[in-house]
Amino acid sequence: MRGAAHGRRRPHALLHRPYPPPARRGDARLPDGGAGDLNRSLPLAAYLALRRGGLPLEEATARPTGPLVWIHASRPDIAARARVLAQRIEAAEEGAAVMLTGTGPGLAPPPPDQMAAVRGFLAHWRPDALVWLGGDFRPVLLAECELPREARCLAEIDADGLQIDGGSWMPGVLRPVLSGFGLVLPADAAVATRMRRLGLPPEALGRPGTLGAVPPPLPVRGRDHADLLEALGPRPIWLAAGAPAEEAALLVAAQRHAAHRTHRLLMVAAPATPEEAEPLAAALEAEGLVVRRRAEGEEPDEPTDAYIADGCAEMGLWYRLAPVTYLGGSLTGRACRSPFEAASLGSALLVGPQTDPHGEAARTLRARSALRELSSPDELGPALESLLSPETAARLARSAWDVATEGAEATDAALSFVAAALEREAA
């Protein structure tokens, strides 16, 4: 992994403004050792000759310092996977920045597949590695990119993506485009077979599979985890994650219902915002609970009914400690946290009907029976009581874990490929 000498980690470089004019250079595109087949192909050469138009665009966001990984997602349905991969690269490669282009929320459009615009784009951004997701290839962009095969990865490629972006009437273009990638991760075995027939070298073909759609697990400081495990002992706990103050009454009702059968039950309430911590604590106290506040250095001692977490900065800690999590706000329409956070850390989920802005994540887990749905506040207490059974919570958490870890093999392969490319570039 790259060290601090390569600079501070930066956020995704999202391109919201046009690109700069290209540097002056000749027609030679790829150096020896690069994706040379892209330039030796006569059909592709003819295609490129037809795409020499287009005007260079004038301005651009500044290129981040240090190594830059470029991720391109060609379809809206894989935009989320592109963002997750970007998060994982930034977490693994200290000092590296990630540029996201493509189609979908949070992605900047790539340049038109015309020679002048493409050369301007590449001369400005100078990526050190490329991960192309989903096919729908842009031959000019890929042919002009001077990265070697060892720095180009293709993933999330299905049968529909094995085409030139917008369709191409010119035969013989697809094969040299594919040959420019050093690692190809097809979506399934059928696509892998078709790629072999297109002449993809066996050493470039990885195991079929899609990338993960779940962000990396939230971090935790080991000392905090150990200290709280000791303080809590065997006491059963549950978490209200991102709880708004207006849900205090329904949280108290659920706590009291479940506590009838679960002796010494402790509720940990992580407020939706730092500003709501004290109003939430006061509302719980007004309902008769004994409340302690972590932000004031208080411990969850034996009389404590509710422990107010110190904002949301420690959510990774609480998901690991609580076998059951209620997604705060999902019963009252407040914006809730992502259910993938709890799913990736083994906490069984209770979720109301209103899951914006994470509806897609909730639907994914719901389809796999990986969460317990609540239709009204009255259901929270009985559902919590049910999930406090270790066997019941374990079954639900296992289903959620299966969803959270899908795509791990392909994601790890892509991360290893990018890491190796950046190491070679730094050498």
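Quick caveat: nothing in here was measured; it's all calculated off a predicted structure.

A. Here's a closer look at the sheet that holds strand β7 (residues 266–271). Pairing is parallel in the open sheet, where seven strands are placed in the order β8-β9-β7-β6-β10-β11-β12. Among the strands making up the open sheet, the edge pair consists of β8 (291–293) and β12 (372–373). In this sheet, strand β9 (residues 306–308) lies alongside β8 in parallel orientation, the contact comprising three bridges. What sits directly across from valine 291, in β9, is alanine 306. Against the sheet, helix α14 (residues 380–387) touches β6 (237–243), β10 (324–327), β11 (348–351) and β12, its axis set at about 170 degrees to β11. Helix-sheet contacts for helix α15 (residues 390–405) involve β10, β11 and β12, and the interaxial angle to β11 is about 85 degrees.

B. Inspection of the pattern of salt bridges at higher detail. The full count for this structure, using the stated rule, is 20 salt bridges. Between arginine 293 and glutamate 285 there is a salt bridge; the shortest N-O distance is 3.0 Å. One salt bridge in this structure joins arginine 292 and aspartate 301, with 3.4 Å as the shortest N-O distance. According to the relative accessible area criterion, arginine 292 is partly exposed, its value standing at 22%. Classification of aspartate 301 as partly exposed rests on a relative accessible area of 33%.

C. Broad picture of the sheet that holds strand β2 (residues 97–102). Read across the sheet, five strands follow the order β2-β1-β3-β4-β5 without closing on themselves; strand pairing throughout is parallel. Only two strands of the sheet have a single neighbouring strand rather than two, namely β2 and β5 (183–186). Strand-to-strand, the axes of this sheet are offset by a mean angle of 15 degrees, without reference to chain direction. The pairing of strand β1 (residues 68–73) with β2 spans six bridges and is classified as parallel.

D. Here's a closer look at the confidence of the model for the protein. In this model, the protein carries an average pLDDT of 85, and 85% of its residues clear a pLDDT of 70 or more. Taking the mean pLDDT of every element in the protein, the minimum, 46, falls on helix α2 (residues 42–50) and the maximum, 98, on β10. A low-confidence stretch, residues 46–51 (pLDDT under 50), is modelled with 19 contacts involving residues beyond four sequence positions or located in other chains. Between residues 53–59, whose pLDDT stays under 50, and residues either more than four places distant or in other chains, the model counts 23 contacts.

E. Local environment of the packing of aromatic side chains. In the structure shown here, the tally under the stated rule is four aromatic pairs. Ring centres of tyrosine 307 and tryptophan 318 lie 6.0 Å apart, and the angle between their planes is 80 degrees; this geometry places the pair in the edge-to-face category. Taken together, the positions of tyrosine 307 in strand β9 and tryptophan 318 in helix α11 (residues 315–321) put the pair eleven residues apart, joining distant regions of the chain. With a relative accessible area of 1%, tryptophan 318 lands in the buried category. Joined through ring pairs, the aromatic side chains of Trp70, Phe121 and Trp132 make up one cluster.

Rules used in this analysis
- Residues numbered from 1 in each chain as written.
- Predicted model: local features only at pLDDT ≥ 70, side-chain atom pairs only at ≥ 80, totals over all residues.
- Heavy atoms only, no water.
- Pairing = 2+ DSSP bridges.
- Helix = DSSP H or I, 4+ residues; strand = E, 2+ residues; numbered from the N terminus.
- Contact = heavy atoms within 4.5 Å.
- Axes fitted to C-alpha atoms, helices over the stretch in contact; angles between N-to-C directions.
- Salt bridge = Lys/Arg side-chain N within 4 Å of Asp/Glu carboxyl O.
- Buried < 20%, exposed > 50% of the residue type's maximum accessible area, 1.4 Å probe, protein only.
- pLDDT = per-residue confidence, 0-100.
- Phe/Tyr/Trp six-rings, centres within 6.5 Å; stacked < 30°, edge-to-face > 60°.

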